[in-house]
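# Structural overview for review
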Amino acid sequence: GMEDSPDMMAAKAMVDALNQDGHNVDHRPRIFTGKEVFDLIPKIVFHMETYEAELIRSAIPNWLLAERAGADVKMVLTGEGADELFAGYLYFMDAQAPAQVQTELKRIYNMLGDINLHRTDRMTMAHALEARVPF
């Protein structure tokens, strides 16, 4: 993440909490700059094969994570699709009836292959990293 960003602070807090329990978590944060992100956009567009702004925006952290993970491992487990299967997004709390939740789950589940899984596959494979979905 970007230095002093909420993501970096949350990651540090999690590592600190885990290390208190006698674990030794090897935490190597990947700090990036805005310029670095802008310089990555042509590579991301090439691998995503799209200029769609939302997909490019969401692919940036996937690219950086895959790049970092690919330096150490050849396969990762990912939770892609869990929110779409189990109503994990906060906006589901606004549903007025179970039928609304079901309708929305069907809608976003049917888009997984075109958005989330497509992004994950393209960004990980750009770094020779295999991403597996555990369900």
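Look at helix 2 (residues 34-48) against helix 6 (residues 116-125): their axes get within 9 Å of each other, and the N-to-C directions meet at 115°. Taken as a pair, helix 2 and helix 6 cross one another with a handedness that is right-handed. Two secondary-structure elements touch here, helix 2 through Ile 44, His 47 and Met 48 and helix 6 through His 118, Arg 119, Arg 122 and Met 123. Of the residues in the contact of helix 2 with helix 6, the class split is 3 nonpolar, 2 polar and 2 charged.

With that out of the way, let us pick up the environment of Ala 82. Mapped onto the secondary structure, Ala 82 falls in helix 4 (residues 82-86). For the pair Ala 82 and Phe 38, spaced 44 residues apart in the sequence, the C-alpha separation amounts to 29 Å.

Ile 44, Met 48, Trp 63, Leu 64 and Met 123 are the most contacted members of the largest nonpolar core, which has 13 residues in total. Mapped by element, the contributors of at least two residues to this core are helix 2 and helix 3 (53-70). In terms of residue count, the dominant contributor to this core is helix 3 (6 residues). Once residues within four sequence positions are removed from consideration, Leu 64 is found in contact with Arg 30, Phe 32, Glu 36 and Leu 40.

To continue, consider helix 2. In this model helix 2 runs 20 Å from its N-terminal to its C-terminal C-alpha over 15 residues, within 8% of the 21 Å that 1.5 Å per residue would give. Approximately 35° is the largest bend angle found in helix 2, and it occurs at Ile 41, with the proline Pro 42 only one to four residues beyond. Those residues of helix 2 hidden inside the fold are in contact with helix 3 and helix 6. One or two residues past the end of helix 2 sits Glu 49, with phi positive at roughly 60°.

The next point concerns the packing of helix 2 against helix 3. Relative orientation of the contacting elements helix 2 and helix 3 amounts to 105°, with a least axis distance of 9 Å. The angle between the axes of helix 2 and helix 3 places the two elements in the roughly perpendicular class. Side by side, helix 2 and helix 3 meet where Glu 36, Val 37, Leu 40, Ile 41, Lys 43, Ile 44, Val 45, His 47 and Met 48 of the first sit next to Leu 55, Ile 56, Ala 59, Ile 60, Trp 63 and Leu 64 of the second. Of the residues in the contact of helix 2 with helix 3, the class split is 12 nonpolar, 1 polar and 2 charged.

Moving on, we come to the environment of Tyr 89. Assignment of secondary structure puts Tyr 89 in the loop between helix 4 and helix 5 (98-109). In contact with Tyr 89, other than residues within four places in its own chain, are Asp 83, Glu 84, Ile 108 and Asn 116.

Within the fold, Thr 33 resides in the loop between helix 1 (6-20) and helix 2. Residue Thr 33 is classed as partly exposed on the basis of its relative accessible area, which comes to 44%. Residues Thr 33 and Met 2 lie 31 residues apart in sequence; the distance between their C-alpha atoms is 6.1 Å.

With that settled, the discussion passes to the pattern of salt bridges. According to the stated counting rule, one finds 10 salt bridges in the structure shown. With its nearest N and O atoms 3.0 Å apart, the salt bridge here joins Asp 72 to Arg 68. Look at Asp 72 and you get partly exposed, because its relative accessible area is 47%. Assessed through its relative accessible area of 23%, Arg 68 is described here as partly exposed. With its nearest N and O atoms 2.8 Å apart, the salt bridge here joins Arg 132 to Glu 130. Judged by relative accessible area, which is 42%, Arg 132 ranks as partly exposed. For Glu 130, a relative accessible area of 35% puts it in the partly exposed group.

The rules behind these values
- Residues numbered from 1 in each chain as written.
- Predicted model: local features only at pLDDT ≥ 70, side-chain atom pairs only at ≥ 80, totals over all residues.
- Heavy atoms only, no water.
- Axes fitted to C-alpha atoms, helices over the stretch in contact; angles between N-to-C directions.
- Helix = DSSP H or I, 4+ residues; strand = E, 2+ residues; numbered from the N terminus.
- Left-handed = near helix turned anticlockwise from the far one by under 90°.
- Contact = heavy atoms within 4.5 Å.
- Nonpolar A, V, L, I, M, F, W, Y, C, P; charged D, E, K, R; others polar.
- Core = buried A, V, L, I, M, F, W, Y, C linked by side-chain atoms within 4.5 Å.
- Buried < 20%, exposed > 50% of the residue type's maximum accessible area, 1.4 Å probe, protein only.
- Expected span 1.5 Å × (residues − 1).
- Bend = angle between axes of the 7 residues up to and from the residue.
- Parallel < 35°, antiparallel > 145°, perpendicular 65-115°, else oblique.
- Salt bridge = Lys/Arg side-chain N within 4 Å of Asp/Glu carboxyl O.

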